[in-house]
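One letter stands for each residue in the lines below.
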Amino acid sequence: MIIMQFRTIRTALDREGNIVRASELTPRSRGTWSCRSCHSVLRLCWTYDNGGYFEHDLEVAENIVLKHCEYLLTSSDKSPSLFTQAVSEILQRTEPLPKVPSSKDYFCVLCNHAYYGLRKCPYCLNSLYSTETALRDTQTIPKKWAI
Ligand SMILES: [Zn+2]
Ligand SMILES: [Zn+2]
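In this report, we go over the structure that sits alongside the text. (Residues numbered from 1 in each chain as written. Chains lettered and ligands numbered in written order. Predicted model: local features only at pLDDT ≥ 70, side-chain atom pairs only at ≥ 80, totals over all residues. Heavy atoms only, no water.)

### Considering the nonpolar core
Within soluble globular proteins, side chains that are nonpolar tend to cluster in buried spots. Judged by nonpolar contacts, the single largest core of 18 residues is most densely connected at Phe6, Trp33, Leu42 and Phe54. Excluding anything up to four places from it in sequence, phenylalanine 6 contacts His56, Leu58, Leu66, Cys69, Tyr71, Leu72 and Leu73. (Core = buried A, V, L, I, M, F, W, Y, C linked by side-chain atoms within 4.5 Å. Buried < 20%, exposed > 50% of the residue type's maximum accessible area, 1.4 Å probe, protein only. Contact = heavy atoms within 4.5 Å.)

And the structure:
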């Protein structure tokens, strides 16, 4: 069986053919609503987060009719499911791993000494006066350290 997925339906037709907005209804609203596109029977659904919306009553509606409903998502214009949305949101939020101290080229201005490794000058055993060589304008590095 093919699972049909529809866009969220927020408006429907009531028995008199008037447009009804799910937002104007309450979870207790009772009525007969039909799809504005395919005129199939709609059920009023309610979620705590998103409020009311309509869903085709798939048990009643004819598949052949639903196939032509404009709310039907075809595989090509399928919007990402809530699940994939949540996943991609998490992925976007994921921050780079905490920085582990990495070996770099440093230059201690106090000792006038260039070294490679963790930021701690082997002469003064201090990191305060060390700068990353990469961040310095190479022009300012004393000649003897310039390659
Ligand atoms: Zn429909
Ligand atoms: Zn030093």
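The discussion continues.
### Things to note about the sheet that holds strand S8 (residues 130–132)
Read across the open sheet, the three strands follow the order S7-S6-S8; overall the sheet is antiparallel. Looking at strand neighbours, the two that pair on one side only are strand S7 (113–117) and S8, the edges of this open sheet. Recorded for the sheet is a direction-independent mean angle of 35 degrees between the axes of neighbouring strands. Relative to S7, strand S6 (residues 104–108) runs antiparallel, the two sharing five bridges. Looking across to S7, one finds that phenylalanine 107 is bridged to alanine 114. (Pairing = 2+ DSSP bridges. Helix = DSSP H or I, 4+ residues; strand = E, 2+ residues; numbered from the N terminus. Axes fitted to C-alpha atoms, helices over the stretch in contact; angles between N-to-C directions.)

### Regarding the coordination of the zinc ion (ligand 2)
For a metal with four donors in a tetrahedral arrangement, the ideal angle between donors is 109.5 degrees, while six donors in an octahedron ideally sit at 90 or 180 degrees. The protein atoms donating to the zinc ion (ligand 2) are Cys108 (SG), Cys111 (SG), Cys121 (SG) and Cys124 (SG), with metal-donor distances spanning 2.2 to 2.4 Å. Geometry at the zinc ion (ligand 2) is tetrahedral, judged from its four donor atoms and the angles of 106 to 113 degrees they form at the metal. Sequence spacing of the donors to the zinc ion (ligand 2): C-x2-C-x9-C-x2-C. In this pair, cysteine 108 is assigned in strand S6 and cysteine 121 in the loop between S7 and S8, connecting sequence segments 13 residues apart. Judged by relative accessible area, cysteine 121 falls into the buried class, the value being 0%. (Donors = N, O, S within 2.8 Å, 3.2 Å for Na, K, Ca; no water. Tetrahedral: all angles 85-135°; square planar, octahedral: opposite > 155°, others 65-115°.)

### As for the pattern of salt bridges
Taken as a whole, this structure holds three salt bridges when the rule is applied. Glutamate 55 is the salt-bridge partner of arginine 43, the closest N and O atoms lying 3.0 Å from each other. Here arginine 43, found in strand S4 (residues 41–47), pairs with glutamate 55, found in strand S5 (residues 51–56); they are twelve residues apart in sequence, far enough to count as distant. A residue is classified by how much of its surface remains accessible, and arginine 43, at 40% relative accessible area, is partly exposed. The residue glutamate 132 makes a salt bridge to lysine 104 at a minimum N-O spacing of 3.4 Å. Of this pair, glutamate 132 sits in strand S8 while lysine 104 sits in strand S6, placing them 28 residues apart in sequence. (Salt bridge = Lys/Arg side-chain N within 4 Å of Asp/Glu carboxyl O.)

### Things to note about the packing of aromatic side chains
Taken as a whole and assessed by the stated rule, the structure comprises two aromatic pairs. The interplanar angle of 55 degrees and the centroid separation of 5.6 Å between the aromatic rings of tryptophan 33 and phenylalanine 54 together place this pair among those described as tilted. Taken together, the residues tryptophan 33 in strand S3 (residues 33–34) and phenylalanine 54 in strand S5 connect sequence positions 21 residues apart. Under the relative-accessibility criterion, phenylalanine 54 is labelled buried at 1%. (Phe/Tyr/Trp six-rings, centres within 6.5 Å; stacked < 30°, edge-to-face > 60°.)

### Some thoughts on the coordination of the zinc ion (ligand 1)
Every protein donor of the zinc ion (ligand 1) is accounted for by Cys35 (SG), Cys38 (SG), His56 (NE2) and Cys69 (SG), and the metal-donor separations fall at 2.0 to 2.3 Å. Of note is the zinc ion (ligand 1), whose four donor atoms meet at the metal with angles of 107 to 116 degrees in an arrangement that counts as tetrahedral. All donors to the zinc ion (ligand 1) come from one chain, and their sequence spacing reads C-x2-C-x17-H-x12-C. Residue cysteine 38 is found in the loop between S3 and S4, and its partner histidine 56 is found in strand S5; the two are separated by 18 residues along the sequence. As far as burial versus exposure is concerned, cysteine 38 and histidine 56 are alike and both buried.

Any functional reading would require information that these geometric values do not contain.
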